[in-house]
Amino acid sequence: MNIARRTFLKLTGGAGALAAAFAAGLVAGGQAWAATWNKAGFESKALADVMKSLGAASAAESKDIAITAPDIAENGAVVPVAVTSKLPNTQQISIVVEKNPFPLAATFDIAGGSEGYVSARIKMGQTSDVWAVVKADGKYYTARKEVKITVGGCG
Amino acid sequence: MPNTRGGLAAVLLAFLAAWGAVPVLAQSDDPLGVGRKMLAEDNPGELWIERGKALFHQKRGPKGVSLEQCDFGQGPGKLEGATVRLPRYFPDTNKVQDLESRLLSCMVQLQGFNRDDIVKRAISPAGSDGSDVEALALYITSRSNGMKMDVSLSHQKEYDMYKAGEYLFYRRSGQTDFACVQCHGEANRRIRLQDLIHMTDKKGVQEVVSTWPAYRGAHFTVRTMQWRLYDCFWQMRLPELKYASDTSIALITYLHYQGNGAVIGVPGFKR
Amino acid sequence: MAEPMKIRATLQGDVADVRILMMHPMETGQRKDAKGEIVPLHFIQSVVVTHNGKTVLDTQWSQAVSRNPFLGLRIKGAKPGDKIGVTWTDNKGDKRTDEATVAPPS
């Protein structure tokens, strides 16, 4: 039973409550993130706001970004997504699910010797475009791919 | 998953066309395959193997003893290659037992656990991190990874169990008048978008017997063959299949024997 | 509470293909438990990967990352025996660090 998907679909605009939860969850005492957690970005509910928070409001589409993900995912709670960026000097990759209540799913800062490649599994509430937002050489680029979410049958 | 490409692809293409979408040609041949492959390559179920191993060696239960002296058919504590010969007849219990019922016996006899208590928790609730039995069953089965299913029916009781399982597989029962064979007796069958493994085909049944216990994606935990059969019975609206019952062991004996030769590879990854 | 991760690092040329499996509920704060009560928000917010002690990947996650999360990355200039370190930190302040070494090419 796909509980995560159900609850995502049931999510109403409880932004106030969720923001409070975020604030409560982010116990400030003694935690040093290597990178500051992008509260504004993770709390944005619209794709445009997420892009703005990432600094990617005027990002251009790039064919040098490949998104590997299923056309159809059997289980919206576990959707595998991999992003490969061939852009030189790739510094950051973000995965954004347009139709999720909070579209920004993850941001990966590529330091040192890591290649422009990340693979993760994300929750999707419904069929949606999955965006990859890549920062390379100080500029922003995007790519996107639609992933359809289904409900399984037996078992 | 079996090759259901023809039928499934046709349905999905119609499905996608109805949505007004143009299917990506590269994936249209096996639309669910890309996702399944990506998930199976890195299976969270593997984390349960370590957990099962720790539980196996840990002194537990009222008697404060580990499972190291448990005999799964090859002698006390010998795990390598043990599950490929299960179910089998055990002289000490005078019964044919599958992995989980044998595990139950050892947890009761060696460790002093109460049988009813184990049965109550063996199948963990959805959303939990799994039971001790599920982790143990996975660990013990993983010790046969790479080996071939090799069930023998040399003992009369083993043969009787096999025949009983065969009978159950084909017998129509209950309010839906279903038998296992109706869903699993033909190629290219499915319920909504779930493939139904063709289990009267050698390759199909081999795939079944070599991939349990498995990580059930939607449950976020490891599930066993006993759970799988219990859930099938529920799907068929049959009376509850009791954990480690003779009915369950009969069906497992039948399926494992039919799947002889299958190369064990656990944990499997299921939706 | 924090369960050990499973880290695999295999070499393809001089690039280490690193795959990490973690056990974590990644609760969205929207799910109800069997009693009908909301299970509170509980998710990994940060994952840092190091190569021989140097940070190579620094991630920020939301609760939209799947339960029992997976992370895959590729590290350039890796050699057999190199140390890969992974540390996750969640919104409750729980942490877990595990290490693995890069396996020689098969």
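To be clear, the structure that these remarks concern was listed above.
Calculation rules
Residues numbered from 1 in each chain as written. Chains lettered and ligands numbered in written order. Predicted model: local features only at pLDDT ≥ 70, side-chain atom pairs only at ≥ 80, totals over all residues. Helix = DSSP H or I, 4+ residues; strand = E, 2+ residues; numbered from the N terminus. Buried ≥ 20, exposed ≤ 12 C-beta atoms within 10 Å, placed from the backbone. Contact = placed C-beta atoms within 7 Å. Pairing = 2+ DSSP bridges. Axes fitted to C-alpha atoms, helices over the stretch in contact; angles between N-to-C directions. Nonpolar A, V, L, I, M, F, W, Y, C, P; charged D, E, K, R; others polar.

The next point concerns the overall build of chain B. Each helix and strand in chain B was counted, giving twelve helices and seven strands. Residues classed as buried in chain B amount to 41% of the 271 residues present. Here the contacts in chain B between residues at least 6 apart in sequence split such that 69% fall between residues at least 24 apart.

The next subject is the sheet that holds strand 7 (residues 268-270) of chain B. Residues and elements named next belong to chain B. Ordered by their spatial adjacency, three strands build an open sheet running 6-5-7, and the pairing between neighbours is mixed. Strands with a single pairing partner mark the edges of an open sheet, and in this sheet they are strand 6 (221-223) and strand 7. For this sheet, the mean angle separating the axes of adjacent strands, direction not counted, is 40°. Pairing of strand 5 (residues 214-216) with strand 6, which is carried by three bridges, proceeds in the antiparallel orientation. Looking at strand 6, one finds that Arg216 is bridged to Thr221.

What follows concerns the interface of chain B and chain C. The extent of an interface is frequently quoted as the accessible surface area lost upon association of the parts. Facing seven residues of chain B, the contacting portion of chain C comprises ten residues. Considered class by class, the residues forming the side of chain B that touches chain C number four nonpolar, no polar and three charged.

Among the nine residues in strand 7 (residues 114-122) of chain A, eight count as buried, and that is most of the element. Direction of pairing for strand 4 (residues 79-85) of chain A relative to strand 7 of chain A: antiparallel, over a ladder of six bridges. Bridge pairing links A:Ala82 to A:Ser119 in strand 7 of chain A. Where strand 7 of chain A lies against strand 5 (residues 70-75) of chain C, four bridges are found, and the strand directions are antiparallel.

Time to look at the interface of chain A and chain C. Across the contact, 41 residues belong to chain A and 35 residues belong to chain C. When residues of the side of chain A that touches chain C are assigned to their parent elements, the largest contribution, eight residues, is made by strand 7 of chain A. Residue classes in the side of chain A that touches chain C are distributed as 27 nonpolar, ten polar and four charged.

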